[in-house]
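Observations on the model geometry
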Amino acid sequence: MKDSHGRVIDYLRISLTDRCNFRCIYCMPEDGVCQLSHEDILSLEEIERLIRVAASLGIKSVRLTGGEPLVRKGVTSLVEAVTSIHGIQNVSMTTNGVLLPQMADDLKRAGLSRVNISLDTLDAEKFHLVTRVGKLEDTLAGIDAALEVGFNPVKVNAVTVRSLDQDFLEFAKLSVDRPLHVRFIEFMPIGDSESTGINGVGWGKQDVIPSDELLQIINERAARAGMPALKPADDKPVGWGPAKYYEFPGAKGTVGFISPLSRHFCAECNRLRITADGKVRPCLFSDNEFDIREALRNGSDDDVRDILLMALGAKPDEHHDKVGTERSMSAIGG
Ligand code: SAM
Ligand code: SF4
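Keep in mind the model is a prediction, meaning the values are calculated, not measured.

What counts as what
Residues numbered from 1 in each chain as written. Chains lettered and ligands numbered in written order. Predicted model: local features only at pLDDT ≥ 70, side-chain atom pairs only at ≥ 80, totals over all residues. Heavy atoms only, no water. Helix = DSSP H or I, 4+ residues; strand = E, 2+ residues; numbered from the N terminus. Buried < 20%, exposed > 50% of the residue type's maximum accessible area, 1.4 Å probe, protein only. Contact = heavy atoms within 4.5 Å. Near = heavy atom within 4 Å. Polar contact = N/O pair within 3.5 Å; in protein donor to acceptor, adjacent residues only side chain to side chain. Areas by Shrake-Rupley, 256 points an atom, 1.4 Å probe, with all protein chains shown as cover. Arc of directions from axis to C-beta. Nonpolar A, V, L, I, M, F, W, Y, C, P; charged D, E, K, R; others polar. Pairing = 2+ DSSP bridges.

It is worth spelling out the overall build of the chain at this point. Scanning the chain from terminus to terminus reveals 10 helices and 12 strands. For the chain, with 334 residues in total, the buried portion stands at 57%. Taking as baseline every contact in the chain between residues at least 6 positions apart, the subset at least 24 positions apart corresponds to 73%.

Have a look at this one:
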């Protein structure tokens, strides 16, 4: 499946829910989002059908996200169903990791290939500040569980925010002794996060740390600690996505930099997104959406296919620096 700019689109990101067991300050209001009702969100059967139709058009990879995908009831059965759809080569997940200690084993058996775990700081107090309700040890236990059951690769995604003053070198060092792939992601002022400043931590454009600057910061800190510098990685982890990868000499994992703002990777875009309430979103940074729920509830497979193709045709060539969207990441499916 190619879009009107000649890009091959074979990757679908699906938000299973807008609900979450955290309340990250750049993602959700303190009292949770104005939560969608049960009827608003796609049922697991509707999601499975959508993926089946998408696979017939050439979608090969599916990522389950949210909100927190692991709080959606029946997620393990969904993984099992999706992995057996003809044409789907891998199913992955983005999670805050908290429920992995109890679910990782079943998810692995169900056929989940890999997980990305979100973790923005290794400092327990800052972790609580960012997530509002989360405990650092829970997410760390989720990372351990993911490695134990053998997900490969296990990636740790950290959103970088200047005023949060994160422990970047400590993060990068997570990649040394275990096969962990740490990825630093430039904070994206999305939803109303730009206007939200909490406990001295601002969340506006001034908080974006360009990846080139971050690489320099890490290497300066490494030099001060008597460590070698990061060098471009020989191999990229599977499911490479839009990151640039580096590694410390002899490390088991890698350190990646994802730069949606300082280095547009729109030319390499390979994805469509589905929101929890059944909208196809051609671009993360644009509020243009196509309703597919109605077709899933009352239409034929051809109707579902037509909506996917319409959204495909609406993929912009790039996001033209438009940041700040109506819906927050938890609603869109980050
Ligand atoms: N709850 C899961 C998790 O946290 O991994 C999945 C959904 S969450 C919306 C997906 C990713 O989006 C997380 O890594 C989160 O840090 C990131 N995210 C949310 N809001 C963001 C923002 N404004 N800029 C950059 N990343 C953001
Ligand atoms: Fe929940 Fe993930 Fe958003 Fe944090 S970033 S509130 S964990 S959906």
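On we go from here.
A few words on the site of ligand 1. Looking at ligand 1, there are 14 residues lining it, with Tyr26, Gly67, Glu68, Ser118 and Met188 nearest. One of the side-chain nitrogen or oxygen atoms of Glu68 is found 3.1 Å away from a nitrogen atom of ligand 1. Backbone polar atom of Thr95 to an oxygen atom of ligand 1: 3.2 Å apart, as the coordinates give it. Burial of ligand 1 by the protein amounts to 93% of the accessible area it has alone, namely 540 Å².

A separate point is unusual backbone geometry. Residue Pro153 follows Asn152 across a cis peptide bond; omega there is 0 degrees. Mapped onto the elements, Pro153 comes out in the loop between helix 5 (136–149) and strand 5 (154–160). Positive phi outside glycine occurs at Asp165, with the angle close to 55 degrees. Within the secondary structure, Asp165 sits in the loop between strand 5 and helix 6 (168–177). Of the residues examined, Asp165 reaches a relative accessible area of 53% and is grouped as exposed.

For the rest of this paragraph, the subject is helix 3 (residues 100–110). All of the buried residues along helix 3 are Leu100, Met103, Ala104, Leu107 and Ala110. Considered in projection along helix 3, the buried side chains sweep an arc of 130 degrees and stay on one side of the axis. Seen from the buried face of helix 3, the exposed residues on the opposite side, beyond 90 degrees, are Gln102 and Arg109. Buried residues belonging to helix 3 abut helix 2 (75–83), strand 3 (90–95), strand 4 (114–118) and helix 5. Phi turns positive, to about 110 degrees, at Gly111, one or two residues after helix 3.

Considering the arrangement of structural elements, one finds Val98 in the loop between strand 3 and helix 3. Remark: the alpha-carbon pair of Val98 and Leu70, spanning 28 residues in sequence, is separated by 8.7 Å. Sequence-distant contacts of Val98, defined by excluding residues within four places in its chain, comprise Asn21, Phe22, Asp138 and Thr139.

Another point: the site of ligand 2. The environment of ligand 2 is made up of Cys20, Phe22, Cys24, Cys27, Gly67 and Asn96. Its residues assigned to classes, the shell around ligand 2 comprises four nonpolar, two polar and no charged.

Now for the pairing of strand 1 (residues 11–15). Most of strand 1 is tucked away, with five of its five residues classed as buried. Here strand 1 shows two buried faces, one formed by Tyr11, Arg13 and Ser15 and the other by Leu12 and Ile14. Sheet analysis places strand 1 next to strand 2 (residues 61–65), joined by five bridges and oriented parallel. Opposite Arg13, over in strand 2, you have Arg63 as the bridge partner. Bridge count between strand 1 and strand 10 (residues 271–274): four bridges; the pairing is parallel.

So yeah, pure geometry; function would need other evidence.
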